[in-house]
Amino acid sequence: MRSLWARARSRLGPELSRDIALVCLADGIVGVSFGAITVSVGLPIWLPMLLSVVVFAGASQFLFVAIIAAGGSPIAAFAAGLLVNARHLPFALSIGEVIGHGWLRRLVGSQLIIDESTAFALAQHEPARRRAAFWGCGVSLFVCWNIGVIAGAFGGTVVKDTNAFGMDAAFPAVLLALVMPSLKDRTTRFAALVGAVIAVAATPLLPSGLPVLLSLAALPLVLIGLSRRRRTAYDEPSRDAGDYVIEEVGRVAERTAGDGDHDDGPAGTGDTAGSVLP
Amino acid sequence: MTQIVVWGVLLGVGTFGFRIAGVGLKSRLTLSERTSLLLTAASVILLVALVVTATVFDAGGFAGWARPAGVAVGGVLAWRKAPFVVVVLAAAAVAAGLRLLGVS
């Protein structure tokens, strides 16, 4: 694990290492609040630690504890958490290859698939950097999250309200900054927009987790876009298609094979050429 | 308590099941470029839906104005290609600042 880490770090470079460190800090603070809240509702001190190692998915852990604290049954808490975590299957399907080969790598790497590590991997262009970003982010977050949770469980109510620090806004901002380069692709952007509208509309009606999954109903839009691209850019030698000018937000009507010049995504996140063409 | 621990561990097992199933499937299938593009797009769609719902809602209800304001500032900065650190810190600072001013 140590050599893995050293290798990952050297491949990450200073910028990406710094970005990951920042996310670690933010998630560590949220971990402190998870530990503190869990203990404050009367659950044993080791429970948040156990959950953080075996589940390792923040939102579902908070939900699990919240349902039990509200007097719900553990089975209901389990079901709700599992629903929230179902998105890890499509995440794993899209970035699975960054984990590498060998059963140990697969086992450890699978556990490290979370929102942040997926987003960091997706934001990278080359396979080697993707791998480094995934492992670097996954391992560091696992460590920081668990340290935070332990600190919170023991430290009690010191940092219970992380909203006061704006940590609740930091999490979506992290993911948004990381997916931004992928949204340069017009089709992906439109599908994501439609998906988000679906998820927002469904949230008041459905249990948590389900609305986010429902956003995948917008996926066929990508298929339509891809077939149009294929028609217009069939025999292009380099599939660097998909760098579009950003101001086209919302206009989807026609899909053209934009293969304009590359420009960089948000600094430190790398460029992902449209919908991430490796 | 035993119940809580058992179902908590099962949540971990189930979540791990989702993760390893995806990884295993991916390694076993030879996917066309089109399919991998589609899978990548699926993750992007999920992440954006997650961003938006986590921005607007808190436990099923409206999260208040401070959080969306912070995320919006972060989003504009990210779009304007500000460094990642600036994006994240600005989002947190705006949300925290607004709360300090009494905007919830």
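Look a little higher up for the structure.
Let us look at the structure shown here. On a predicted model such as this, the values are computed, not experimentally measured, just so you know. (Residues numbered from 1 in each chain as written. Chains lettered and ligands numbered in written order. Predicted model: local features only at pLDDT ≥ 70, side-chain atom pairs only at ≥ 80, totals over all residues. Heavy atoms only, no water.)

Notes on the overall build of chain B
So the rule is basically this: Runs of H or I in DSSP of at least four residues are treated as helices and runs of E of at least two as strands, each being numbered from the N terminus. Only heavy atoms enter the contact rule, under which two residues are in contact if any of them lie within 4.5 Å. Per-residue and other accessible areas were derived by the Shrake-Rupley procedure at a 1.4 Å probe size, with only the shown protein chains allowed to occlude residues.
Of regular secondary structure, chain B possesses four helices and two strands. Listing every helix and strand of chain B by position from the N terminus yields α-α-β-β-α-α. Sequence-distant contacts, at least 24 apart, represent 39% of the contacts inside chain B between residues at least 6 apart. When the accessible area of chain B is evaluated, it comes to approximately 4,600 Å², of which 72% is carbon and sulfur surface.

Regarding the nonpolar core
The line we're drawing: The nonpolar core is taken to be a set of buried Ala, Val, Leu, Ile, Met, Phe, Trp, Tyr and Cys residues, with the residues joined through side-chain atoms within 4.5 Å. Burial status follows relative accessibility: with a 1.4 Å probe on protein chains alone, a residue under 20% of its type maximum counts as buried, one over 50% as exposed, and anything between as partly exposed. The split of the chain into domains comes from an automatic or database domain assignment.
Within the largest apolar cluster, 90 residues are counted, with the highest numbers of intra-cluster contacts made by A:Phe64, A:Ile113, A:Phe120, A:Phe134, A:Val222 and B:Phe84. In terms of residue count, helix α2 (residues 33-56) of chain B provides more of this core than any other element does, twelve residues in total. Looking at which domains feed residues into this core, each of domain 1 (1-182) and domain 2 (185-278) of chain A supplies at least three. If near-sequence neighbours (up to four positions away) are discounted, A:Phe134 is found in contact with A:Ile95, A:Val98, A:Ile99, A:Gly109, A:Leu112, A:Ile113, A:Ser117 and A:Ala121.

Side note on the side chain of B:Arg19
To be explicit about the condition: Here Asp and Glu are counted as negative and Lys and Arg as positive; His is not counted, and neither are the chain ends. When a carboxyl oxygen of Asp or Glu lies within 4 Å of a side-chain nitrogen of Lys or Arg, that pair is called a salt bridge.
Within the element layout of this structure, B:Arg19 appears in helix α1 (residues 2-28). Buried within the structure, B:Arg19 lacks any salt-bridge partner; A:Asp115 is the closest side chain of opposite charge, at an N-O distance of 8.0 Å. When neighbours within four sequence positions are excluded, B:Arg19 is seen to be in contact with A:Val55, A:Phe56, A:Ala57, A:His88, A:Ala92, A:Ser110, A:Gln111, A:Ile113 and A:Ile114.

A look at the pattern of salt bridges
A full pass over the atoms with the stated rule returns seven salt bridges over all chains. A salt bridge links A:Asp19 to A:Arg18; its shortest N-O distance comes to 3.6 Å. A relative accessible area of 0% means that A:Asp19 is categorised as buried. The exposure class of A:Arg18 is partly exposed, given its relative accessible area of 42%. Across the pair A:Asp168 and B:Arg99 runs a salt bridge whose closest N-O atoms are separated by 2.6 Å. Note that A:Asp168 is positioned in helix α9 (residues 167-179) and B:Arg99 in helix α4 (residues 84-100), a pairing that runs across two chains. Because the salt bridges share partners, they merge into one network encompassing A:Asp168, B:Asp58, B:Arg67 and B:Arg99.

Brief notes about unusual backbone geometry
The phi angle at A:Phe56 is positive, at roughly 50°, despite the residue not being glycine. Here A:Phe56 shows up in the loop between α2 (46-54) and α3 (58-69). Classification of A:Phe56 as buried rests on a relative accessible area of 4%. Look at B:Lys81: it is not a glycine, yet its phi comes out positive at around 65°. Counting through the fold element by element, B:Lys81 comes out in the loop between α3 (66-79) and α4. For B:Lys81, a relative accessible area of 35% corresponds to the partly exposed category.

Digging into helix α10 (residues 186-202) of chain A
Residue and element names in this part refer to chain A. For clarity, the cut-off: Helix span, as expected, comes to 1.5 Å for every residue beyond the first. Think of a polar contact as two N or O atoms within 3.5 Å of one another; within protein, one of them needs to be a possible hydrogen donor and the other a possible acceptor, and neighboring residues in sequence only count if both atoms come from side chains.
Here α10 spans 24 Å end to end across 17 residues, near enough to the 24 Å set by a 1.5 Å rise per residue. Within the sequence span of α10, burial applies to Arg186, Thr187, Thr188, Arg189, Ala191, Ala192, Gly195, Ala196, Ala199 and Ala202. Put simply, Asp185 is the residue that caps the front of α10, since its side-chain oxygen is 3.2 Å from the backbone nitrogen of Thr187.

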